[in-house]
Amino acid sequence: MQSPTTTIIITATIHNSNLTPNFPPKFPLNPLRLPQEFFNRRTTTSISMAAASSSSSSFSSSRFKVNSKMGNGDGFVTISEYAGKGGVDVGDDLVVLFSHLEYAFKRIAALVASPANSSLGRTSDAAQDIASDRDKPKPLDIVSNEIILSSLRNSGKVAVMASEEDDAPVWIADNAPFVVVTDPLDGSRNIDASIPTGTIFGIYNRLIELDSLPVEEKAMLNSLQSGSRLIAAGYVLYSSATIICTTFGSGSHAFTLDHSTGDFVLTHPNIKIPPRGQIYSVNDARYFDWPEGLRRYIDTIRQGKGKFPKKYSARYICSLVADLHRTLMYGGVAMNPRDHLRLVYEANPLSFVVEQAGGKGSDGKNRILSIQPVKLHQRLPLFLGSPDDIEELESYGDVQQTVNPGYDV
């Protein structure tokens with residue numbers, strides 16, 4: 001145990017260090033009111049922007065190398081610039097909504113990285129009595145949920161929010177245009193081990209034909225839209241970098257948080273998942289609970305006896321966003337073969353992102369985005385990844401795990 005004198009010396013040393021003024025990084029209080037100096041600090045490295053041209057240009061700096069079909073200016077392309085009138089032009093309402101979501105994601109990123117989260121990462125005693133189709137929430141999940149709900153309220157653009165942390169959807173505003181579904185903090189059980197976590201979200205148009213129904217009914221029906229009706233979706237990875245990977249229905253793109261400006265800047269435009277990878281991601285410890293078809297598939301590919309004549313490697317983080325992000329970058333397949341992941345909050349938004357990157361999302365038999373949700377917290381098996389890998393896996397037929405003895409870890 002350190003003595004009081006030692007503590008005073010350490011504290012004084014930290015306060016006298018040149019690192020102190022730059023830590024923690026400071027973000028603007030309101031992303032809709034960025035001071036002019038934030039924009040003036042952009043690098044002078046240029047990106048050529050040709051929205052209607054098939055030619056692409058590249059720029060590089062010490063941090064990024066980006067090939068982009070966007071840009072008319074003198075710096076990095078932010079999400080607002082990409083989605084706005086100078087880019088794909090998704091409409092002012094959606095741009096405003098994304099600005100508020102960005103602010104929420106920055107707050108969650110800071111929360112996840114804070115020393116204070118060690119106590120928030122544990123399951124709350126008050127959270128034991130919950131519906132059987134929901135995971136036990138932790139204080140960090142609940143705080144993240146409140147951060148997102150607050151940002152959506154402030155945006156004025158969201159009619160209803162459905163969250164993995166809530167038993168029922170929350171009706172926010174009668175005339176707002178959008179519906180947001182979200183898993184506020186996926187992988188929070190790994191917080192104490194500093195393993196990457198993430199946020200998953202999907203955005204729908206409000207169904208105006210339901211406006212005459214009672215609030216609870218129209219909130220539920222708006223939240224149970226098929227994934228094929230998504231207009232935008234994405235995930236946020238909280239790791240060595242904070243990355244938003246999103247789609248507006250015209251390709252998938254990743255934006256990385258620049259801590260010097262507080263902006264999410266385009267670093268991975270028009271992501272294309274490889275047609276086939278050489279990595280599978282699944283909890284191998286459940287092998288003996290798997291059906292015969294899934295066991296044969298895994299045995300085959302890791303011996304290099306499948307349609308791809310090389311041995312596959314296993315990579316498994318047990319954080320859905322992290323496992324998917326690696327799969328999106330390198331190819332392969334990420335999966336949970338049992339009825340565990342939520343269709344509304346996880347499977348639909350992530351499948352939309354993967355499909356827009358040229359991949360596939362499946363429950364082992366059916367395209368995820370073609371499945372009509374019937375319950376808010378409906379669970380199902382989930383297989384995401386390279387198109388050739390998903391097709392090969394489905395060809396084995398029996399890949400959905402029905403034996404579920406319950407797992408404590």
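Residues numbered from 1 in each chain as written. Predicted model: local features only at pLDDT ≥ 70, side-chain atom pairs only at ≥ 80, totals over all residues. Heavy atoms only, no water.

Trainee: Got a minute to help me understand unusual backbone geometry in this structure?
Mentor: In terms of backbone geometry, most residues other than glycine have negative phi values and most peptide bonds are trans. For D89, which is not glycine, the phi torsion reads 55° and is therefore positive. With respect to the secondary-structure elements, D89 resides in the loop between α3 (79–83) and α4 (92–113). (Helix = DSSP H or I, 4+ residues; strand = E, 2+ residues; numbered from the N terminus.)

Trainee: Looking at this structure, I do not really get the pairing of strand β9 (residues 252–258). What am I missing?
Mentor: Moving residue by residue along a regular strand, the side chains alternate between the two faces of the sheet. The buried fraction of β9 is high, at seven of seven residues. The alternating pattern of β9 places S252, A254, T256 and D258 and H253, F255 and L257 on opposite faces, both of which are buried. Direction of pairing for strand β8 (residues 242–247) relative to β9: antiparallel, over a ladder of five bridges. Looking at the pairing, I244 lines up with F255 of β9. As consecutive antiparallel partners, β8 and β9 are separated by four residues, and within that stretch G249 has a phi angle of approximately 95°, a positive value. (Buried < 20%, exposed > 50% of the residue type's maximum accessible area, 1.4 Å probe, protein only. Pairing = 2+ DSSP bridges.)

Trainee: What should I look at first to understand the pattern of salt bridges in this one?
Mentor: Pairing of side chains with opposite charge becomes possible as their charged atoms draw close. In total, this model carries 13 salt bridges according to the counting rule given. Between D211 and R206 there is a salt bridge, with the nearest N and O atoms lying 2.8 Å from each other. By sharing partners, the salt bridges in this structure join E164, R342 and E346 into a single network. (Salt bridge = Lys/Arg side-chain N within 4 Å of Asp/Glu carboxyl O.)

Trainee: What am I meant to see in the sheet that holds strand β15 (residues 379–385) here?
Mentor: Either a parallel or an antiparallel arrangement is found when strands of a sheet pair, and the pairing is made through backbone hydrogen bonds. Ordered by their spatial adjacency, five strands build an open sheet running β12-β11-β13-β15-β14, and the pairing between neighbours is mixed. Two strands lie at the open edges of the sheet, namely β12 (313–314) and β14 (360–362), each paired on one side alone. By the bridge criterion, three bridges tie β14 to β15 in an arrangement that is antiparallel. Bridge pairing in β15 places S362 opposite F383.

Trainee: Got a minute to help me understand helix α10 (residues 343–356) in this structure?
Mentor: Helical geometry: 3.6 residues make up each α-helical turn, so side chains three or four residues apart lie on a common side. When you tally the buried positions in α10, you get 12 out of 14 residues, the bulk of the element. Here α10 has its buried residues at L343, V344, Y345, E346, A347, N348, P349, L350, S351, F352, V353 and V354. With its phi angle positive at about 95°, G358 sits one or two positions after the end of α10.

Trainee: How should the environment of S239 be read in this particular structure?
Mentor: Within the fold, S239 resides in the loop between β7 (232–238) and β8. Looking at S239, the relative accessible area reads 38%, which means it is partly exposed. Taking C-alpha positions, S239 is 8.5 Å from G198, a pair spaced 41 residues apart along the chain.

Everything listed is a geometric property; what it means functionally is a separate question.
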